[in-house]
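The lines below spell out each chain.
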Amino acid sequence: MNLKNLLADRKNGGSPQEKEEAYCFLTEKEPIWGEMLADVLKQNGVPFVIQKALGGGLSDRVGPLLERYSFYVPPEYSEQAKELAGELFSGENGE
């Protein structure tokens, strides 16, 4: 499910602004780190959505090294998700 559909489901019938506020941006990572973060979020019960920059078809053609994963979480999980990401990537260039 893509982010727009999930936002529409979460705030069905709300204004566009309410839908955009339903999930908040957490971070953007390369696929290898994104898969690791997804696993940590799942293990800790944090719901999330991944929006891929290139998408499956284009990523297959140009290679996965150019792909980026953007993570979005519900606002009520934002602090927990930030802490988990911070612990996971604490040695990575100031993140």
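Small disclaimer: the values here were computed from a predicted structure and weren't measured.

Novice: Honestly, the pairing of strand 3 (residues 69–73) in this entry has me stumped. Any pointers?
Specialist: Residues in a regular strand point their side chains to alternate faces of the sheet. Counting buried residues in strand 3 gives five out of five residues, a clear majority hidden from the surface. Where burial is concerned, the two faces of strand 3 agree: the one with Tyr69, Phe71 and Val73 and the one with Ser70 and Tyr72 are both buried.

Novice: What exactly am I supposed to notice about the sheet that holds strand 2 (residues 49–52) here?
Specialist: In sheet architecture, strand pairing relies on hydrogen bonds along the backbone and comes in two forms, parallel and antiparallel. Read across the sheet, three strands follow the order 1-3-2 without closing on themselves; strand pairing throughout is antiparallel. The two strands at the open ends of the sheet, each matched to only one other strand, are strand 1 (24–29) and strand 2. Adjacent strand axes in the sheet meet at a mean angle of 25°, parallel and antiparallel pairs treated alike. Note that strand 2 and strand 3 share four bridges and pair antiparallel. Counted as the bridge partner of Ile50 is Phe71 from strand 3. Running at roughly 20° to strand 3, helix 3 (residues 31–43) makes contact with strand 1, strand 2 and strand 3 of the sheet.

Novice: Teacher, can you tell me more about a nonpolar patch on the surface here?
Specialist: The grouping of Ile32, Trp33 and Met36 at the surface amounts to a nonpolar patch, some 300 Å² of accessible area in total. The residue Ile32 is located in helix 3 in this model. With relative accessibility at 61%, the residue Ile32 sits in the exposed group.

Novice: Where do I start with the pattern of salt bridges in this structure?
Specialist: Where side chains of opposite charge bring their charged atoms close, a pairing between them can arise. Inspection of the entire model under this criterion finds two salt bridges. Taking the shortest distance from any N to any O, the salt bridge between Arg68 and Glu28 comes out at 3.3 Å. Of this pair, Arg68 sits in the loop between helix 4 (56–62) and strand 3 while Glu28 sits in strand 1; the two residues are 40 residues apart in sequence, bridging distant segments of the chain. Looking at Glu28, the relative accessible area reads 35%, which means it is partly exposed. One salt bridge in this structure joins Arg68 and Glu30, with 3.8 Å as the shortest N-O distance. Residue Arg68 is found in the loop between helix 4 and strand 3, and its partner Glu30 is found in the loop between strand 1 and helix 3; the two are separated by 38 residues along the sequence. If you follow the salt bridges from partner to partner, you end up with Glu28, Glu30 and Arg68 in one network.

Novice: Mind showing me how you'd approach the packing of aromatic side chains here?
Specialist: The geometry of an aromatic ring pair is captured by the separation of the ring centres together with the interplanar angle, meaning the angle of the planes. One pass over the structure, following the stated rule, counts three aromatic pairs. Aromatic pair Phe25 and Tyr72: ring centres 5.6 Å apart, planes at 70°, arrangement edge-to-face. Residue Phe25 is located in strand 1, and its partner Tyr72 is located in strand 3; the two are separated by 47 residues in the primary sequence. Taken together, a centroid distance of 6.3 Å and an interplanar angle of 90° make the contact between Trp33 and Phe89 edge-to-face. Of this pair, Trp33 sits in helix 3 while Phe89 sits in the segment after helix 5 (78–88); the two residues are 56 residues apart in sequence, bridging distant segments of the chain.

Rules used in this analysis
Residues numbered from 1 in each chain as written. Predicted model: local features only at pLDDT ≥ 70, side-chain atom pairs only at ≥ 80, totals over all residues. Heavy atoms only, no water. Buried < 20%, exposed > 50% of the residue type's maximum accessible area, 1.4 Å probe, protein only. Helix = DSSP H or I, 4+ residues; strand = E, 2+ residues; numbered from the N terminus. Pairing = 2+ DSSP bridges. Axes fitted to C-alpha atoms, helices over the stretch in contact; angles between N-to-C directions. Contact = heavy atoms within 4.5 Å. Patch = residues over 30% accessible without salt bridge, like charges linked within 9 Å, V, L, I, M, F, W, Y side chains within 5 Å. Areas by Shrake-Rupley, 256 points an atom, 1.4 Å probe, with all protein chains shown as cover. Salt bridge = Lys/Arg side-chain N within 4 Å of Asp/Glu carboxyl O. Phe/Tyr/Trp six-rings, centres within 6.5 Å; stacked < 30°, edge-to-face > 60°.

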